[in-house]
Amino acid sequence: MTTTMIFAGSGGQGIQFSGKQTAKTAMHQGKNVTFLPSYGPEMRGGTSNCTVVISDEEIGSPSVTSPDVAVVMNLPSFDKFEPRVKAGGLVICDSTLIDKKSDREDIDALYIPASELANENGLTGFANVIILGGLIKKTGLFTYDEFLSLLTGSIPESRAALKEKNEKALKIGYDLV
Amino acid sequence: MKTVYDRPHALSDVPLHYCPGCTHGIIHKVVAQVIDELGIEDRTVGIAPVGCSVFAYNYFECDMIEAAHGRAPAVATGVKRTHPDTVVFTYQGDGDLAAIGTAETVHIGTRGENVTIIFVNNAIYGMTGGQMAPTTLPGQVTTTSPYGRDRKIQGSPIRICEMLSTLDGVAFAARTSVDTPKNINHTKQLIKKAFQNQLDKKGLSIVEVLSTCPTNWGMTPQGALKWLRENMMEYYPLGIFKDSEAIR
Amino acid sequence: MAQKVLMKGNEAIAEAAINAGCLYYFGYPITPQTEISEYLAKRMPKVGGLCLQAESEVSAINMTLGAAAAGSRAMTSSSSPGISLKSEGISYIAGSDLPCLIVNVQRGGPGLGGIQPSQSDYYQATRGVGHGDLRLIVLAPSSVQEMASLTAEAFDLADTYRMPAMLLADGALGQMMEPVDFSLFEKREVPEKAWAANGHGGKRKKNIINSLYIDPQELEDSILARYKRYAEVEEKEVKYEEFMTDDADIVLVAFGITARICKSAITAARADGIKVGLLRPITLWPYPKKILNSIAGRAKALLTVEMNMGQMVDDVRLAANGQCPVHLYTRTGGMIPSVDEVENKIREIAASL
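Here the structure is a predicted model, which is why all the values come from computation and not from measurement.

Participant: Please set out the overall build of chain A residue by residue, giving values where relevant.
Facilitator: Along its length, chain A carries 6 helices and 6 strands. When the helices and strands of chain A are read in sequence order from the N terminus, they spell out β-α-β-β-β-α-β-β-α-α-α-α. Taken over C-alpha atoms, the radius of gyration comes to 15 Å for chain A, in line with the 16 Å a tight globule of 177 residues would show. Looking at chain A as a whole, 53% of its 177 residues qualify as buried. In chain A, of all internal contacts separated by at least 6 residues, the share reaching a separation of at least 24 is 54%. As displayed, chain A has an accessible area near 7,600 Å², and 51% of this comes from carbon and sulfur atoms. Charge centroids of chain A, computed over 17 positive and 21 negative side chains, lie 5 Å from each other.

This is the structure:
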């Protein structure tokens, strides 16, 4: 079984972090995994995306044209990647920032007003983690506990507030779906 | 019978290839004498350049490395940083050090490497047959400045010691000459200090030695020494431009 | 204890170098390989090593030469335009019989080109890096694990044969993350460096590290002696991977990141009954000529896939020696071929058989 995912949005939204965290958790499960970031000037505020492949088998191409799952956090990313999602696949949108809906009938779509929820809950900057909560619930790729333990496991005790915010954000997204 | 003069041990017992009247041989001898006097031959690594002294690796008894044109300071850095207990010197001419290798020369200074540079300035490219060097004097005729070096066309000569002495990483920068026995003795003192500085970990030390090239200058050896005194020394004044611990 | 860590390819190279006993790194920043410098700048001081940022690639390669000449295990890294600058130094390193590692995390060229992944330095690495008769051992990783393991291997090979080795990667491999296990390395016994110039200590004759032979006969002799070692490398050190080649009518030939894309395309085409496989050269020099020649003798067609305008295909054609047609599919300029594109090319060839 192989799952291919693209995370896309603007630089600074934590797109690369989301992809890495997903890859890390999959590695922890004993899966084969690749994480391929976009790199270059995008780092400084342009579009940002990365591709994650998770598989029980050896992974061939780490770059993917048609992903099983697209996580999009701005409109240009929705326009670019929603049409590419494999039939039977899933698109997850931050519906605060994307006012469009998918009109494809062959894919599933999940709309989470992540940026709004983040702002309302004092979690500005954690919209990506809210989305991750929704992603793991919807796909069932990981359990809540294993994802959380890797998300917060490496945060030192001295930064308890950061730990708390991550956990809170993940839970909001998870409970929403 | 008392020996009053002998070939220094650090100078190989082989014929040198230098032209008659060229002062490279004197400078080699002085460097070798200093190595002997400091007792450092066993841990010295010399870096030879590209230019007239390209075969310097055959003339010193310490370990030697032949570098690409201008790159001796980088090679020296590689040796010294990985083997800090070695004593590392480069022996470079003006084309090597002051033209193609200018970046390497400046930056070994900025880094304040504990290395000794012997810079032989004869105002011409000797090995390739007398072309204009970065140190060729205004008006000086060479095969590539056949009408004399024109500042408007070919720019002005570079004063390396003055330039390097502005760098925090340079501990010692001195210009000397080997045109007279007195100056040869003085050169030896300066070169000894440049090596001693390295042993004392003071930073980069460079000794620029004004040298003659009778062959490519088209002069007799004695005429060349006279020309050096009357022309080069005016543009390249002898002296110590910096003498302190490097700021590193 | 075997433990996998999720790492960027560039970081895996850096950590593997330290693991392999390389304590000296000389670099200059250039995308997409700067993480090697950044990682080593953090790590080297903690392991008693040195990461030194030079004033240029030219200087960095010559510092590497100096370190290698003094007998240290040393490396430098860059990306395509920087390797062009290093090529002078690489030639001197080869001519002076010095072992070291040069990493090229390729990007698009020519000129400033781009910063996206490319394989367009194949000719440079296998044919033309620096002037003169010379070879580099060229290793082409295709995973982050291999970025690490081949880095370690490259040092041992370089020391064994007293010649420079190059790790030829690309921007995708440099930037992507995969799990790596650093306990998987095999170490070779390598010879002592009695030739090193680091002070004779009064115990031996002086050592000279040199690439200048003014007498042409001496120069020829030195090159012939070096080529004897090259012949030994060609005899003993060829590395490749075969993937589903046993019954294959069509055999793809690809290295590095491209080989992985080919594997995905092959798996997809096999699902439709097309008998297709892959030969992945791991050493680009020495090139796996023999195996490719024998594959060409039994396959109906070869397909070379590269991220350049067709460079390795020359070696494929030489090895195939006319036994079967050699097709070519390329993307260049930083474009990565998609699995679909390669699969379509496979189908097109299958239909023509």
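This is not the end of the story, as more comes after the structure.
Participant: Give me the lowdown on the side chain of E306(C), citing residues and values where you can.
Facilitator: All names here are of chain C. Residue placement: E306 occurs in strand β14 (residues 301-306). A polar side-chain atom of E306 sits 2.6 Å from the main-chain amide nitrogen of M312. Excluding residues within four positions of it along the chain, E306 makes contact with Q119, F255, T258, Q311, M312, V313, L328, Y329, T330 and R331.

Participant: Let's hear about the pattern of salt bridges: which residues, and what values?
Facilitator: A complete count under the given rule lists 47 salt bridges over all chains for this structure. Ionic pairing is found between E162(B) and R175(B), a salt bridge with its closest N-O pair at 2.6 Å. Highlighted residues: E162(B) in helix α6 (residues 160-164) and R175(B) in strand β5 (residues 170-177), separated in sequence by 13 residues. Exposure remark for R175(B): the relative accessible area of 1% places this residue in the buried category. Residues joined by salt bridges that share partners form a network here, namely E58(A), E146(C), E241(C), K263(C) and R280(C).

Participant: Hey, could you go over the arrangement of the chains for me, with residue numbers and the actual values?
Facilitator: A comparison of contact numbers over the 2 pairs of chains in contact places chains B and C at the top. Considering only C-alpha positions, the minimal separation of the non-contacting chain A and chain B is 28 Å.

Participant: Go over the layout of surface pockets with me, naming the residues and quoting the values.
Facilitator: When its volume is computed, the largest pocket comes out at roughly 1,300 Å³. Taken together, 49 residues make up the lining of the largest pocket; nearest its centre are T51(A), S61(A), S63(A), V64(A) and T65(A). For the lining of the largest pocket, the elements supplying multiple residues, two or more each, are β1 (2-10), β2 (32-37), β3 (47-55) and α2 (75-81) of chain A together with α9 (256-271) and α12 (339-352) of chain C. No other element matches β3(A), which puts 6 residues into the lining of the largest pocket.

Participant: Kindly report on the sheet that holds strand β12 (residues 276-281) of chain C, identifying the contributing residues and their values.
Facilitator: Residues and elements named next belong to chain C. Ordered in space as β10-β12-β11-β14-β15, the 5 strands form an open sheet in which the pairing is mixed. Edge strands, defined here as strands with exactly one partner in the open sheet, are β10 (240-243) and β15 (326-330). Averaged over neighbouring strand pairs, the angle between their axes works out to 20 degrees when direction is ignored. Sheet topology note: the strand β11 (residues 250-253)/β14 ladder contains 4 bridges and is parallel. If you follow V251 over to β14, its bridge partner there is L302. Contacts from helix α10 (residues 289-298) reach β10, β11, β12 and β14, with the element oriented near 25 degrees to β10.

Participant: Can you tell me about the interface of chain B and chain C, naming the residues and giving the values?
Facilitator: Accessible area lost upon the coming together of the parts is a frequently used measure of interface size. At the interface, 36 residues of chain B touch 33 residues of chain C. Contact between chain B and chain C buries roughly 2,600 Å² in total, counting both sides, with carbon and sulfur atoms accounting for 60%. Applying the counting rule to chain B against chain C returns 3 salt bridges. Counting the contacts that link chain B with chain C gives 17 residue pairs in polar contact (both at pLDDT 80 or more). Mapped by element, the contributors of at least two residues to the side of chain B that touches chain C are β1 (44-48), β2 (63-66), α2 (72-82) and α4 (102-110) of chain B. At 7 residues, α2(B) tops the list of elements feeding residues into the side of chain B that touches chain C. Looking at the side of chain B that touches chain C, its residues break down into 15 nonpolar, 10 polar and 11 charged. Pairing analysis gives 2 bridges linking β2(B) to strand β9 (residues 208-209) of chain C, with the strands arranged parallel. Considered in β9(C), the bridge of M64(B) is made with I208(C).

Participant: Run through the packing of helix α3 (residues 57-69) of chain C against helix α4 (residues 80-95) of chain C, naming residues and quoting values.
Facilitator: All names here are of chain C. At a minimum axis distance of 8 Å, the contact between α3 and α4 shows a crossing angle of 30 degrees. If you check the angle between α3 and α4, you find them roughly parallel. Between α3 and α4 lies a crossing of right-handed hand. Residue-level contacts link E57, V58, A60, I61, N62 and L65 of α3 to G82, L85, K86, E88, G89, I90, Y92 and I93 of α4. Partitioned by chemical class, the residues of the contact of α3 with α4 number 8 nonpolar, 3 polar and 3 charged.

Participant: Please give an account of helix α1 (residues 9-19) of chain C that cites residues and values.
Facilitator: Taken across its 11 residues, α1(C) has 9 buried, putting it largely inside the fold. Within α1(C) the residues assigned to the buried category are G9(C), N10(C), A12(C), I13(C), A14(C), E15(C), A16(C), A17(C) and I18(C).

Participant: Quick rundown of unusual backbone geometry? Include the residues and the values.
Facilitator: Cis geometry marks the peptide bond from T31(C) to P32(C), where omega comes out at 5 degrees. By the element assignment, P32(C) lies in the loop between β2 (24-27) and α2 (34-43). Between W285(C) and P286(C) the backbone carries a cis peptide bond, its omega angle lying at 0 degrees. Mapped onto the secondary structure, P286(C) falls in the loop between β13 (283-285) and α10. Even without being a glycine, A123(B) presents a positive backbone phi close to 65 degrees.

Participant: So, the sheet that holds β2(C): which residues are in play, and what are the values?
Facilitator: Residues and elements named next belong to chain C. A sheet is described by the order of its strands in space; here 7 strands give the open sequence β3-β2-β4-β5-β7-β6-β13, paired in mixed fashion. Of all strands in the sheet, those bounded by a partner on one side alone are β3 (50-53) and β13. If you compare each strand with its neighbour and ignore which way they point, the axes differ by 20 degrees on average. Here strand β4 (residues 74-78) runs beside strand β5 (residues 100-106); their pairing, made up of 4 bridges, is parallel. Pairing of M75 across the sheet is with L101, part of β5. Most of the contacts of helix α6 (residues 144-161) go to strand β7 (residues 164-170), to which it runs at about 160 degrees, and overall it touches β4, β5, β6 (137-139) and β7.

Parameters at a glance
Residues numbered from 1 in each chain as written. Chains lettered and ligands numbered in written order. Predicted model: local features only at pLDDT ≥ 70, side-chain atom pairs only at ≥ 80, totals over all residues. Heavy atoms only, no water. Helix = DSSP H or I, 4+ residues; strand = E, 2+ residues; numbered from the N terminus. Rg over C-alpha atoms; globule rule 2.2 N^0.38 Å. Buried < 20%, exposed > 50% of the residue type's maximum accessible area, 1.4 Å probe, protein only. Contact = heavy atoms within 4.5 Å. Areas by Shrake-Rupley, 256 points an atom, 1.4 Å probe, with all protein chains shown as cover. Lys, Arg positive; Asp, Glu negative; His and termini not counted. Charge placed at Lys NZ, Arg CZ, Asp CG, Glu CD. Polar contact = N/O pair within 3.5 Å; in protein donor to acceptor, adjacent residues only side chain to side chain. Salt bridge = Lys/Arg side-chain N within 4 Å of Asp/Glu carboxyl O. 1 Å grid on protein atoms, 1.4 Å probe; cavity = no way out; pocket = protein on both sides within 12 Å on 5 of 7 lines; lining within 4 Å. Points joined across faces, edges and corners; volume = space filled by probe spheres on them. Pairing = 2+ DSSP bridges. Axes fitted to C-alpha atoms, helices over the stretch in contact; angles between N-to-C directions. Buried area = accessible area lost by both parts, 1.4 Å probe. Nonpolar A, V, L, I, M, F, W, Y, C, P; charged D, E, K, R; others polar. Parallel < 35°, antiparallel > 145°, perpendicular 65-115°, else oblique. Left-handed = near helix turned anticlockwise from the far one by under 90°.

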